Amino acid sequence: MESTTFLTRRRNVVLMAILCCMLWGSATPFIKMGYRLFAISGGDTASLILFAGVRFTLSGVLVVAMGSIPQHHLLTPKSSSWGMILRLCLFQTVMQYVCYYVGLAHSTAVKASIVNSTGTFLCILVASLIFHQEPLRPRKVVGCAIGFAGVILVNLTPRGFGGELNFLGEGFLLLAALAYAISSTLLKNYSAAESPVALSGYQFLLGGMIMIVAGLLTGGQLHPQSWTAFPVLGYLAFLSAAAYSIWGLLLQHNPVSRVAIFGFLNPICGVVLSAVLLRESQHISSLQCIAALALVSGGIYIINRPEREEAA
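All figures in this text were calculated on a predicted structure; none of them were measured in a lab. (Residues numbered from 1 in each chain as written. Predicted model: local features only at pLDDT ≥ 70, side-chain atom pairs only at ≥ 80, totals over all residues. Heavy atoms only, no water.)

Colleague: Which parts of the structure should I look at to understand the overall build of the chain?
Modeller: Helix and strand counts for the chain come out as 13 helices and zero strands. Secondary structure elements of the chain, listed N to C terminal, follow the sequence α-α-α-α-α-α-α-α-α-α-α-α-α. Taken across its 312 residues, the chain has 53% of its residues classed as buried. Within the chain, residue pairs in contact and separated by at least 24 positions form 88% of the contacts whose partners lie at least 6 positions apart. Looking at the chain as shown, the accessible area adds up to about 14,100 Å², and 70% of this sits on carbon and sulfur atoms. (Helix = DSSP H or I, 4+ residues; strand = E, 2+ residues; numbered from the N terminus. Buried < 20%, exposed > 50% of the residue type's maximum accessible area, 1.4 Å probe, protein only. Contact = heavy atoms within 4.5 Å. Areas by Shrake-Rupley, 256 points an atom, 1.4 Å probe, with all protein chains shown as cover.)

What follows is the structure, encoded as structure tokens:
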């Protein structure tokens, strides 16, 4: 009962969701470092998938190991949960990231960030209209629209929207966003019957191994350039393990919209951390970033404000 109260208290939801977004946002610069340290070119989709597969397999090992410590034995799902794990890994890990990497190879980073952010919209729509987990109130639509405006603002660059739209680029990125939305709602449904930590760990393991096989069969290769490649890979595995496990616990105990709206913070965290770690600050002004953060924060507040304020 205490853990349920802790995970539904608004302040804790906000702090834990922001922590997840900071972890996911830090993935952007560290993935770029990983590509350089493992000698992976942007167009080498097979090696990108192989790299992601190794990362998520390690994430699964970490989640299972951390989940086993408090139980004093190996964390294992129920025999009836393997079907759920398979469906979850196909949407959350395999479909989402394969489509994302293919789309990213045929699109600009700016377009990818914006299209990928539609996953927050889709997550709320899927939860409300398909799974009927919560009603679709007007304030949720307004909050998403304001948050999405912040994502667009943070990605405004002189050449950011150049080029034509194409299915292999923006089309695959939209499929990745849809896969994220479906996996989030599935995770909430499945968490009623199985621990979200077990679901997270084993779907990472299964999905990661599928991606490793796919990457190897299509000619993917990893060539570490120095020993620093391995700590970078280790951090990427850790951030996925920690963020997705926390996110799963939040989804288990809160409405999808209350948690999903924080997804609009991911690209902003990515831009800020890329500016700090990769010295890419010339691509965006501080004022632009602050304005974008204000819009996203406004959208988060509108969806998360207490019901008594809404009634007033």
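And the narrative resumes.
Colleague: Would you mind going over the environment of Asp44 with me for this structure?
Modeller: Mapping Asp44 onto the fold places it in the loop between α2 (10-37) and α3 (45-68). Exposure remark for Asp44: the relative accessible area of 27% places this residue in the partly exposed category. Sequence separation of Asp44 and Tyr101 is 57 residues, and the distance between their C-alpha atoms is 9.6 Å. At 2.6 Å, the side chain of Asp44 and the side chain of Ser47 are in polar contact. (Polar contact = N/O pair within 3.5 Å; in protein donor to acceptor, adjacent residues only side chain to side chain.)

Colleague: Quick question: what am I supposed to make of the environment of Ile302 here?
Modeller: If you trace the backbone, Ile302 turns up in helix α12 (residues 286-304). Separated by 156 residues in sequence, Ile302 and Ile146 place their C-alpha atoms 9.2 Å apart. Discounting residues that sit within four places of it in the chain, Ile302 has contacts with Arg139, Val142, Gly143 and Ile146.

Colleague: What's the story with a nonpolar patch on the surface in this structure? I'm lost.
Modeller: Together, Leu125, Leu129, Ile130, Leu136 and Val141 line one region of the surface with nonpolar side chains, adding up to about 430 Å² of accessible area. At three residues, helix α5 (residues 109-130) tops the list of elements feeding residues into the nonpolar patch. Secondary-structure assignment places Val141 in helix α6 (residues 138-154). By relative accessible area, which is 44% here, Val141 ends up partly exposed. (Patch = residues over 30% accessible without salt bridge, like charges linked within 9 Å, V, L, I, M, F, W, Y side chains within 5 Å. Salt bridge = Lys/Arg side-chain N within 4 Å of Asp/Glu carboxyl O.)

Colleague: Help me understand the environment of Ile212, please; the structure alone is not making it clear to me.
Modeller: Structurally, Ile212 is set in helix α8 (residues 196-217). Aside from chain neighbours lying at most four places away, what touches Ile212 is Leu50, Gly53, Val54 and Thr57.

Colleague: Where do I start with α2 in this structure?
Modeller: Residues that lie three or four places apart on an α-helix share one face, since the helix turns once every 3.6 residues. Between its first and last C-alpha atoms α2 spans 40 Å; for 28 residues at 1.5 Å apiece the expected length is 40 Å, and the two agree. Most pronounced at Thr28, the bend in α2 amounts to some 30°, and the proline Pro29 follows within four residues. One or two residues past the end of α2 sits Ala39, with phi positive at roughly 55°. (Expected span 1.5 Å × (residues − 1). Bend = angle between axes of the 7 residues up to and from the residue.)

Colleague: Please explain the packing of α2 against α3 as it appears in this structure.
Modeller: Think of two packed helices as two axes; the pair is described by the angle between the axes and how far apart they sit. At a minimum axis separation of 12 Å, α2 and α3 run at an interaxial angle of 120°. When the interaxial angle is binned, α2 and α3 end up oblique. Of the two elements, α2 crosses α3, and the hand of that crossing is right-handed. Along its contact with α2, which presents Ala27, Ile31, Gly34 and Tyr35, the element α3 presents Leu48, Phe51 and Arg55. Its residues assigned to classes, the contact of α2 with α3 shows five nonpolar, one polar and one charged. (Axes fitted to C-alpha atoms, helices over the stretch in contact; angles between N-to-C directions. Parallel < 35°, antiparallel > 145°, perpendicular 65-115°, else oblique. Left-handed = near helix turned anticlockwise from the far one by under 90°. Nonpolar A, V, L, I, M, F, W, Y, C, P; charged D, E, K, R; others polar.)

Colleague: Just to check I follow, could you spell out the side chain of Lys188 for this structure?
Modeller: Relative to the elements of secondary structure, Lys188 occurs in helix α7 (residues 167-190). Within the structure, Lys188 has its side chain in polar contact with the backbone oxygen of Leu251 (distance 2.8 Å). The contact partners of Lys188, leaving out residues within four places of it in the chain, are Gln133, Leu251, Gln252, Asn254 and Val256.

Colleague: Honestly, α3 in this entry has me stumped. Any pointers?
Modeller: Along its 24 residues, α3 runs 34 Å from first to last C-alpha, staying within 8% of the 34 Å computed at 1.5 Å per residue. The buried fraction of α3 is high, at 18 of 24 residues.

Colleague: Sorry if this is basic, but what is going on with the packing of aromatic side chains here?
Modeller: What the rule picks out here adds up to 10 aromatic pairs. On the numbers, 5.0 Å between centres and 70° between planes, the contact of Trp24 with Trp247 is edge-to-face. One end of the pair, Trp24, is in helix α2; the other, Trp247, is in helix α9 (residues 229-253), with 223 residues separating them in the sequence. As far as burial versus exposure is concerned, Trp24 and Trp247 are alike and both buried. When the centroid spacing of 4.5 Å and the interplanar angle of 45° are considered together, the rings of Phe30 and Tyr235 count as tilted. One end of the pair, Phe30, is in helix α2; the other, Tyr235, is in helix α9, with 205 residues separating them in the sequence. By relative accessible area, which is 18% here, Phe30 ends up buried. In textbook terms, an aromatic cluster arises when at least three aromatic residues are bridged by ring pairs, as seen for Tyr35, Phe38, Phe51 and Phe230. (Phe/Tyr/Trp six-rings, centres within 6.5 Å; stacked < 30°, edge-to-face > 60°.)

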